[in-house]
Amino acid sequence: MSSHKSKYIASVDCGTTGIRAHIWDENSKPVGKSYQKLYMKYGEKGEASLDAIEVFKAFVSVLKDAITNAKIDARDIASLGIATQRSCFLCWDKSTGEPVTPLITWQDHRFSKELEAANNTWRVSALHGIASVLHFLTRSQRFGVVKRFEFSVQQVAVKLSTLWKTEPKLKQLHKEKKLLYGTLDTWILWNVTKGKVHATDVSQVIATGMWDPFAMCWSGILSFLIPFPPMEIFPEVKATSDDFGICDSEFFGHPIPINALVGDQQAAMFGQCCFNKGDVVCTMGTGAFININTGETCISSNYELYPLIAWKIGKKVTYALEGNSSTTGSLLDWAKSIGLVKEVEELESMAQEVRDSNDVYIVPAFAGIEAPRFDSTARGLIIGLTYSTTKAHIARALQEAVAYRVCDVVNSMSLDTNSVVKTINVNGGVCLNSFICQYIADITNAAVERPEVIEMTSLGAAFFAGLYSGYFKDFDHLRRLRRVEKRYSPEMTLNQRKLRIEKWNEATKRCSCLLYTSDAADEED
């Protein structure tokens, strides 16, 4: 076997549209990688699911290819970290290994009616009332979170409850002691260990809506609110860096220790070395996810941000607040689809052809707008058009909109945490657009740092695994490995920033309640 210094860390990032694997050396440089596209299955009722068996095959395939591309052997890998999209789940028959439900993703809306019904029961109203009184009396963050509790369409809770009520096969398999439930990470782990380990981690389970971040256990309130499966089918919940068993040697020719399971956004946060309270990361892909480290405190947000467990290492739990904008990279793709540019990369140079947007503002509320406003009736708009407006002005306004939405969330985080955000660590494909990075710095009055390696989700999973296996010593070791490719400093004056944010806020107000039903439109005609 190779000496310790010759070993590597492996990581796999299982996303919504694809799976990528990396092999990292001791300097956190990728020496081998591979990628495979995933194909989502969409349905007329809002279904958005993946083929669970095909996903696992892709997992094995990309890791094999990455090992081959690195020109190493599986025995040279010290440990493996796995990051996955959150709130993607299924149930399966443990006697056969066959799925008995689809692999339902966080994008799936098929249970929207059941979600609305669950949020409008007297039980939820009673919970809000009791928690509000207790929060007023105690000012406890726990009761602050509970008084704002709502089931989310992105979470697992209502979806799993509905399947449990409507699929007799699930109850029959449970009666036969054959039923298992798990999120995507659990499914991959169970398969790659040949059914020996049925587990998940705290960063994954918090996003399901079924975990109490204060008591650090499965929520006891859920069974009061909605019909719920018995706990025997649920996985063991472990720390983020932990012993998750060993990949069976059948898959890669040699057993590989698995030392981390983690949610994708928390992995990106860790990859950026956002270890301290107040550190902020912004992952910009199809959408933008912004997370702030809140230390050892789970904070109740006044601005519709979502409290998360960032990670657990040993006995220490670190928390975060998260906000998102669903339209980021997809907004740039939309510009290409309508013919504004031939290639998305052209947008950046077009924006720099003009000194400003000529007071054109674009609100990218294609399917509503998220935190801190959360208005599902909002629809996108372009405002401020005049005869002097050019394509370059529109291209600039489009990219500025990405920055304004990041600013919305960052400002809310500052208010929730009573702190000033000084640096935003960006990653994801959109961060390669320097105009957007600079405008985020300008409009938030915070420095923006872009890393040399933008695959932060994969690197974060590797960091978690390496810490447990001893490949990396501690946080200071990881900080020394961090490499910033470019830093963007704010250049906008205070008055300019204030005026532009005021105009942006006015534009977002005007996009509310623009959703009309087809029946209403017919009546107007």
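Residues numbered from 1 in each chain as written. Predicted model: local features only at pLDDT ≥ 70, side-chain atom pairs only at ≥ 80, totals over all residues. Heavy atoms only, no water.

(A) Representation of helix H14 (residues 391-417). Helix length check: H14, at 27 residues, gives a terminal C-alpha distance of 40 Å against a target of 39 Å (1.5 Å per residue), a fit within 8%. Across the 27 residues of H14, 22 count as buried, placing the element largely inside the fold. Following H14 by one or two positions, Asn-418 has its phi on the positive side, about 55°. (Helix = DSSP H or I, 4+ residues; strand = E, 2+ residues; numbered from the N terminus. Expected span 1.5 Å × (residues − 1). Buried < 20%, exposed > 50% of the residue type's maximum accessible area, 1.4 Å probe, protein only.)

(B) Inspection of the side chain of Asp-408 at higher detail. Looking at the secondary structure, you find Asp-408 in helix H14. Overall, Asp-408 belongs to the buried group, its relative accessible area being 8%. For Asp-408, the residues in contact, after removing those within four places along its chain, are Pro-372, Arg-373, Trp-504 and Asn-505. (Contact = heavy atoms within 4.5 Å.)

(C) Structural view of the sheet that holds strand S15 (residues 246-247). Taken in spatial order, the six strands make up an open sheet running S3-S2-S1-S6-S16-S15, and their pairing is mixed. Among the strands making up the open sheet, the edge pair consists of strand S3 (30-37) and S15. (Pairing = 2+ DSSP bridges.)

(D) Fine view of the environment of Phe-111. Note on placement: Phe-111 falls in the loop between strand S9 (103-104) and helix H2 (112-119). The exposure class assigned to Phe-111 is buried, which follows from its relative accessible area of 12%. Once the C-alpha coordinates of Phe-111 and Glu-47 are considered, the two residues, 64 residues apart in sequence, prove to be 8.8 Å apart. Beyond its immediate sequence surroundings of up to four residues, Phe-111 is in contact with Ile-104, Lys-159, Thr-162 and Leu-163.

(E) Seen up close, the packing of aromatic side chains. Applying the stated rule across the entire model yields 25 aromatic pairs. Consider the rings of Tyr-404 and Trp-504, whose centres lie 4.9 Å apart with planes at 10°: the pair is stacked. Residue Tyr-404 is found in helix H14, and its partner Trp-504 is found in helix H18 (residues 494-510); the two are separated by 100 residues along the sequence. Given a relative accessible area of 1%, Trp-504 falls into the buried group. Taken together through their ring pairs, the aromatic side chains of Phe-89, Tyr-181, Trp-211, Trp-218, Phe-228 and Phe-234 make up a single cluster. Here Arg-123 stacks its cationic end above the ring of Phe-224, 5.5 Å away from the centre of that ring. The aromatic ring of Phe-244 is capped on one face by Lys-238, whose charged end is 5.4 Å from the ring centroid. (Phe/Tyr/Trp six-rings, centres within 6.5 Å; stacked < 30°, edge-to-face > 60°. Lys NZ or Arg CZ within 6 Å of the ring centre and 35° of its normal.)

(F) A look at the pairing of strand S17 (residues 280-284). Of all five residues in S17, five are buried; the element is thus mostly enclosed. What you see with S17 is no split at all: Val-280, Cys-282 and Met-284 on one side and Val-281 and Thr-283 on the other are buried throughout. As paired strands, S17 and strand S18 (residues 288-295) are joined by five bridges and run antiparallel to one another. Bridge pairing in S18 places Cys-282 opposite Ile-290. Two strands pair when backbone bridges link them, and S17 and strand S23 (residues 423-427) are joined in this way by four bridges, in the parallel orientation. Paired with Cys-282 across the two strands is Val-426, which belongs to S23.

(G) Quick look at the side chain of Ser-300. By secondary structure assignment, the location of Ser-300 is in the loop between S18 and strand S19 (306-313). Among the polar contacts made by the side chain of Ser-300, one reaches the main-chain carbonyl oxygen of Gly-144 at a distance of 3.0 Å. If near-sequence neighbours (up to four positions away) are discounted, Ser-300 is found in contact with Gln-141, Gly-144, Val-145, Arg-148 and Asp-416. (Polar contact = N/O pair within 3.5 Å; in protein donor to acceptor, adjacent residues only side chain to side chain.)

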